[in-house]
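Summary of structural features
Listed here are the chains, written in short residue letters.
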Amino acid sequence: STQVTCSVATGYPGEDPLATAVLKVTIQDNTCWLNFLSGPSTFAGQKAPLRNWQVLQGKTADECAAECKKRTDCAIASRDWSSTAPSDCFLTTSSAKGQKAARDYDNELIRLEGCSEDTTCVTLSALKLATEPIETAAFLSGEYCPVSGQSQWKDKVYTRGGLNQQGHLIMGVVD
């Protein structure tokens, strides 16, 4: 992964910038991990179907995901993702020698290859500056999704909807 820290000027087109915020963006790779329960679901707290799992002990969340990415037959990784401590990591496998078990849907992450700037939303978290008494750029935090189709901008543009036009944010390169 690559981390980029950048300064962002906020404001409305044709007006002077209102404030400058520092954002930290982590660019992972072209693999997305989707939680089975990412949308409204009636499966919360329920067991998924029986699957063949290979169990790896003592893996962090990053190590568990990396192990799944290395294996061509791993489509789902499962563990307690809320824990930062090493724990058992379950990887789906096509091997008949795998442990057959039903894990909770809540803990399953589905591996999706080929994410790109045209299809993948990014989540930004504003950083608190040491010189600022409060997190002044918190309003910039949120999920930004790519604008689909033709747009008036030459570079990729991401938007985050708001309750009204003033709350709608657009993120892109300014020449």
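Quick summary incoming for the structure in this document. The shown structure was predicted, so the numbers you read here are calculated from the model rather than taken from an experiment.

About the cut-offs
- Residues numbered from 1 in each chain as written.
- Predicted model: local features only at pLDDT ≥ 70, side-chain atom pairs only at ≥ 80, totals over all residues.
- Heavy atoms only, no water.
- Helix = DSSP H or I, 4+ residues; strand = E, 2+ residues; numbered from the N terminus.
- Buried < 20%, exposed > 50% of the residue type's maximum accessible area, 1.4 Å probe, protein only.
- Contact = heavy atoms within 4.5 Å.
- Areas by Shrake-Rupley, 256 points an atom, 1.4 Å probe, with all protein chains shown as cover.
- Pairing = 2+ DSSP bridges.
- Axes fitted to C-alpha atoms, helices over the stretch in contact; angles between N-to-C directions.
- Disulfide = S-S within 2.5 Å.
- Lys, Arg positive; Asp, Glu negative; His and termini not counted.
- Salt bridge = Lys/Arg side-chain N within 4 Å of Asp/Glu carboxyl O.
- Polar contact = N/O pair within 3.5 Å; in protein donor to acceptor, adjacent residues only side chain to side chain.

Turning to the overall build of the chain, a few remarks are in order. The secondary structure content of the chain amounts to one helix and 12 strands. The secondary structure elements of the chain, listed N-terminal to C-terminal, are β-β-β-β-α-β-β-β-β-β-β-β-β. Counting across all 175 residues of the chain, residues that qualify as buried make up 26%. Sequence separation of at least 24 residues holds for 56% of the intrachain contacts in the chain that already meet a minimum separation of 6. In the structure as shown, the chain presents an accessible area of about 11600 Å², 52% of it carried by carbon and sulfur atoms.

Now for the sheet that holds strand β6 (residues 87-92). Taken together, the six strands give an open sheet; going across it, the order is β3-β8-β5-β6-β4-β7, and neighbouring strands pair in antiparallel fashion. Sheet topology places β3 (31-35) and β7 (99-101) at the edges, where each strand pairs with a single neighbour. Between one strand axis and the next, the sheet turns by 35 degrees as a mean value, whatever way the strands run. Packed on one face of the sheet, helix α1 (residues 61-70) meets β3, β4 (51-59), β5 (76-78), β6 and β8 (108-113) and runs near 140 degrees to β4.

In total, this model carries two disulfides according to the counting rule given. With its sulfur 2.1 Å from that of its partner, C64 forms a disulfide with C89. Residues C64 and C89 share a disulfide whose torsion about the S-S bond is about 75 degrees; that sign makes it right-handed. Here C64 is found in helix α1, whereas its partner C89 is found in strand β6, with 25 residues between them in sequence.

Next up on the list: the side chain of R79. Mapped onto the elements of the fold, R79 is located in the loop between β5 and β6. Of the side chains with opposite charge, D80 comes closest to the buried, unpaired R79, at an N-O distance of 6.1 Å. Here the side chain of R79 touches S83 through a polar contact of 3.2 Å, landing on its backbone oxygen. A polar atom in the side chain of R79 sits 2.8 Å from the side chain of S87.

Attention now moves to the pattern of salt bridges. One pass over the full model with this rule turns up three salt bridges. Among the salt bridges present, the one from R51 reaches E108, with a minimum N-O distance of 2.9 Å. Of this pair, R51 sits in strand β4 while E108 sits in strand β8; the two residues are 57 residues apart in sequence, bridging distant segments of the chain. Note on accessibility: R51 and E108 belong to one class, buried. Through salt bridges with shared partners, a single ionic network connects E67, K70 and R71.

Tracing the sequence through the fold places A102 in the loop between β7 and β8. You can call A102 partly exposed: its relative accessible area is 27%. Sequence separation of A102 and W53 is 49 residues, and the distance between their C-alpha atoms is 9.3 Å. Leaving out residues up to four positions away in the same chain, A102 has contacts with K47, A48, P49 and L50.

With that settled, consider the pairing of β8. Relative to β8, β3 is paired through five bridges, and the arrangement is antiparallel. Counted as the bridge partner of N35 is L109 from β8. Note: β5 against β8, three bridges, orientation antiparallel. In the strand pairing of β8, S78 is matched with E108.

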